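Residue-level listing of the chains:
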Amino acid sequence: MIDQLKKAQAEYDKFPTEFTSIIMSTVSKEGIPDASYAPFVIDNNKNIYIYVSGLATHTQNIYNHPFVSVLFIEDEIKTKQIFARRRLNFNCTANLVERETEKWQQIVDQFEIRFGELICTLRSLPDFRIFQLTPKNGRFVIGFGAAYNISSDNINQLIQITKESLS
């Protein structure tokens, strides 16, 4: 069981690096859910940064309700079993990173390294915003019977879900 947890932990550490965008769920001020996506960069503490237009529905939703559910999910083509796709979700709190601050510059630089020249154009557009999505908890599913909780106590550490932990 310890070897299984170590293997899962290594997979969890690597899994988000397989993606360049995340699927997000936000909620409108009327309480209507909205699914969308955004390119992202991530730091060592699993904080996820999105660089989004102020005109986008998800941006307006974040301003109204700063809670975002984020999903990384294995491509259907790569999965061995469609009912057990590898996936990682986080429940996050969103905070605006103020423009032209040192942190904003660092994050935009990371976006430019990762996504190239387009970011130079986006830097000049005043409606584009950076939000830091801070995970509060989550779940990592590798397959049937291989699911792990993620707690805000230690966002980098998996906790295996057992029958006992469900009751």
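Just so you know, these numbers come straight off a predicted model, no measurement behind them.

S.K.: Help me understand helix H1 (residues 2–14) in this model?
M.R.: It helps to recall that an α-helix has 3.6 residues per turn; residues three or four apart then point in one direction. With 13 residues, H1 should reach 18 Å at 1.5 Å per residue; the first-to-last C-alpha distance of 19 Å fits that figure. Packing partners of the buried residues in H1 comprise strand S5 (87–97), strand S6 (128–143), strand S7 (146–151) and strand S8 (154–160).

S.K.: Quick question: what am I supposed to make of the side chain of Asn61 here?
M.R.: When you line up the elements, Asn61 lands in helix H2 (residues 57–64). Among the residues examined, Asn61 registers a relative accessible area of 5% and is labelled buried. Within the local environment of Asn61, its side chain forms a polar contact with the side chain of Thr26, the two groups lying 2.9 Å apart. Sequence-distant contacts of Asn61, defined by excluding residues within four places in its chain, comprise Thr26, Val27, Ser28 and Asp34.

S.K.: I keep staring at helix H3 (residues 102–115) and nothing clicks. Help me out?
M.R.: With 14 residues, H3 extends 20 Å from end C-alpha to end C-alpha; this agrees with the ideal 20 Å at 1.5 Å per step. Three or more residues of H3 are buried, namely Trp104, Ile107, Val108 and Phe111. Viewed along the axis of H3, the buried residues span an arc of 100°, placing them on a single side of the element. Opposite its buried face, H3 presents the exposed residues Glu102 and Ile113, each directed more than 90 degrees away. Looking at the packing, one finds that the buried side of H3 touches strand S2 (33–42), strand S3 (48–53), S5, helix H4 (118–123) and S6. Gly116 sits one or two residues past H3 and shows a positive phi near 85°.

S.K.: How should I be thinking about the environment of Ile32 in this particular structure?
M.R.: Relative to the helices and strands, Ile32 resides in the loop between strand S1 (21–27) and S2. Separated by 44 residues in sequence, Ile32 and Glu76 have C-alpha atoms that sit 27 Å apart.

S.K.: What exactly am I supposed to notice about the side chain of Arg85 here?
M.R.: Along the polypeptide, Arg85 turns up in the loop between strand S4 (67–73) and S5. In this structure Arg85 comes out as buried when scored by relative accessible area, which is 15%. Here Glu74 takes part through its backbone oxygen, which lies 2.7 Å from a polar atom of the side chain of Arg85.

Thresholds applied
Residues numbered from 1 in each chain as written. Predicted model: local features only at pLDDT ≥ 70, side-chain atom pairs only at ≥ 80, totals over all residues. Heavy atoms only, no water. Helix = DSSP H or I, 4+ residues; strand = E, 2+ residues; numbered from the N terminus. Expected span 1.5 Å × (residues − 1). Contact = heavy atoms within 4.5 Å. Buried < 20%, exposed > 50% of the residue type's maximum accessible area, 1.4 Å probe, protein only. Polar contact = N/O pair within 3.5 Å; in protein donor to acceptor, adjacent residues only side chain to side chain. Arc of directions from axis to C-beta.

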